Amino acid sequence: THETISAGRRQVVDVSETCLTVHVKHDYHLVETTKGGAAKRRLLGQFWSEGKKSKFELFVNIYLSLHVGTYTNQMGSVLFAPWKLSLCLEPTGMCLLKRKRPGICNCEFSSFVGATQTDPVVKNGSRVIRCGMISVETKDDFVIPVLPPENAKDEIPFGLPLTLDSLLPRVAINNTIVLSALNFGYRNILMNWICNMRHIGVNNIIIAALDPDLYKYAYTRGLPVYYETTIFEGLNSSLLADATYGSDSFKQLTKMKSRVVLRILKLGYNVVWTDCDIVWFKNPLNHMDSHKADLIIQTNAPDNEPMNGKRRINSGFYLARSNAPTIQAFEDIIKYASRSRMSEQPCFYDVMCGKEMERIVGNDKCEYQGMTVMLLDRHLYPNGITDGIWDTEPGRIAEKWPNLMILHNNWVKGADGKQARFEQH
């Protein structure tokens, strides 16, 4: 409400009275009444429904209103709207009224509805007229929960905080989730990816936040996110916040991806891992699932090399099935990567295809201890150098390459280079 009104570019109409017939009355301590000897209302009543701190949607909205809202009361007020659609004695039963001084008073009485949230009230023993809408919450009352409390005995309400265990059964489709993991430094690329997913109708996504700042950023935007803390064993997590491309910190960050995936595979879910610098043109999940392999993964090979050429697996996009061979392979990759100074990507290849390419099959497969790895068709799932796609005139990639499933924004250095590509196209 407050963003719409404060934008100053729209004619905003308060239609709460006509939509609800009777306004919702906030049950705060300023509204203390007795009927037939009934006890006074509780000091902290309820807002719309039970439990401001036990329902995810209510909690997030109240948090946002308190921390970033522009109004003095809890949720921003409909009284700030310059127009009001009101019940009246006209034949239509409704009148459009213009408020001369919107929001100048927090009280507004209507003779056409019952008790309202904006009715003027008087606290017992006082001559001061107040309104039942005044909030008793403060910023300190609403702090984003990042991790569940230690040794919690009672069941934690959904979303307070969001956890992997609570998200998986709600998000998974056909026992499969789309996963990405990032830190706060990549938040802009994250939001670009989220818009992409929503545009093509992919809803079974989960974001693993690698620091509290990204978790809070995604949480306040209503995204399916959890704070990943179980994967840092043996890694220097203090260096990750400012990890830049090619640095030792960046290489450590890439090694966390497979740890997140392994955790979910062990919980029985298939995982489509995607880096957030990948543009999805179509929903590829059914097409990927149709491949008869345990790991279906993108190639990073240039056009003049075989897709399974030496260290040409791209660990930025793949479907991993939750089965024993795949789980064992990911455990082996993590163990191998922990002893290597390389980033995670070449470790994938060395384990599953062999350091000397001894486990490759044909030009698009590898076989490792009972599992089959299949490389995706690079003309449907191209990397950043395939066919010179990124050199296409701005805005014409989808038109010129209509069969694309995805396009990886790699083979370019650093987040700034990726951002420039995104902005150009």
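Residues numbered from 1 in each chain as written. Predicted model: local features only at pLDDT ≥ 70, side-chain atom pairs only at ≥ 80, totals over all residues. Heavy atoms only, no water.

*Asks:* Would you take a moment to explain the state of the cysteines for this structure?
*Replies:* By definition, a disulfide links two cysteine residues through a covalent bond between their sulfur atoms. Across all of its chains, the model carries two disulfides by this definition. For Cys 88, the disulfide goes to Cys 95, at an S-S distance of 2.0 Å. Handedness of the Cys 88-Cys 95 disulfide follows from its S-S torsion of about 90°: it is right-handed. Each of the two residues, Cys 88 as well as Cys 95, counts as buried. Each sulfur in the disulfide pair Cys 353 and Cys 366 lies 2.0 Å from the other. Measuring the twist about the S-S bond at about 100°, one finds the Cys 353-Cys 366 disulfide to be right-handed. Of this pair, Cys 353 sits in the loop between α10 (344-352) and β13 (360-361) while Cys 366 sits in strand β14 (residues 365-368), placing them 13 residues apart in sequence. (Disulfide = S-S within 2.5 Å. Buried < 20%, exposed > 50% of the residue type's maximum accessible area, 1.4 Å probe, protein only. Helix = DSSP H or I, 4+ residues; strand = E, 2+ residues; numbered from the N terminus.)

*Asks:* I would appreciate a short explanation of the pairing of β14 in the present structure.
*Replies:* Both faces of the sheet carry side chains from a regular strand, because those side chains alternate between them. In β14, alternate side chains face the same way, and those of Cys 366 and Tyr 368 are buried while those of Lys 365 and Glu 367 on the opposite face are not. Relative to β14, β13 is paired through two bridges, and the arrangement is antiparallel. Looking at β14, one finds that Ile 360 is bridged to Cys 366. In textbook terms, the turn of a hairpin is the stretch between consecutive antiparallel strands, and for β13 and β14 this stretch comprises three residues, one of which, Gly 362, has a positive phi near 65°. (Pairing = 2+ DSSP bridges.)

*Asks:* Sorry if this is basic, but what is going on with the pairing of strand β15 (residues 371-375) here?
*Replies:* Most of β15 is tucked away, with four of its five residues classed as buried. Where strand β11 (residues 295-299) lies against β15, three bridges are found, and the strand directions are parallel. From the neighbouring strand, Ile 296 faces β15, where its bridge partner is Met 374. Of the strand pairs in this sheet, β14 and β15 are connected by four bridges, and their pairing is antiparallel. Each bridged residue has a counterpart across the sheet, and for Tyr 368 the counterpart in β15 is Met 371.

*Asks:* Would you mind showing me how to read the sheet that holds strand β12 (residues 313-320) here?
*Replies:* Note on sheets: strands pair through backbone hydrogen bonds, and any given pair is parallel or antiparallel. What the nine strands build is an open sheet, ordered β8-β7-β6-β9-β12-β11-β15-β14-β13; its pairing is mixed. The sheet is open, and its two edges are formed by β8 (225-227) and β13, each paired on a single side. Bridge count between β11 and β12: five bridges; the pairing is antiparallel. In the sheet register, Ile 297 faces β12, and the bridge partner there is Tyr 318. Lying on the sheet, helix α4 (residues 164-171) is in contact with β6 (176-182), β7 (205-209) and β8; it crosses β7 at an angle near 165°. (Contact = heavy atoms within 4.5 Å. Axes fitted to C-alpha atoms, helices over the stretch in contact; angles between N-to-C directions.)

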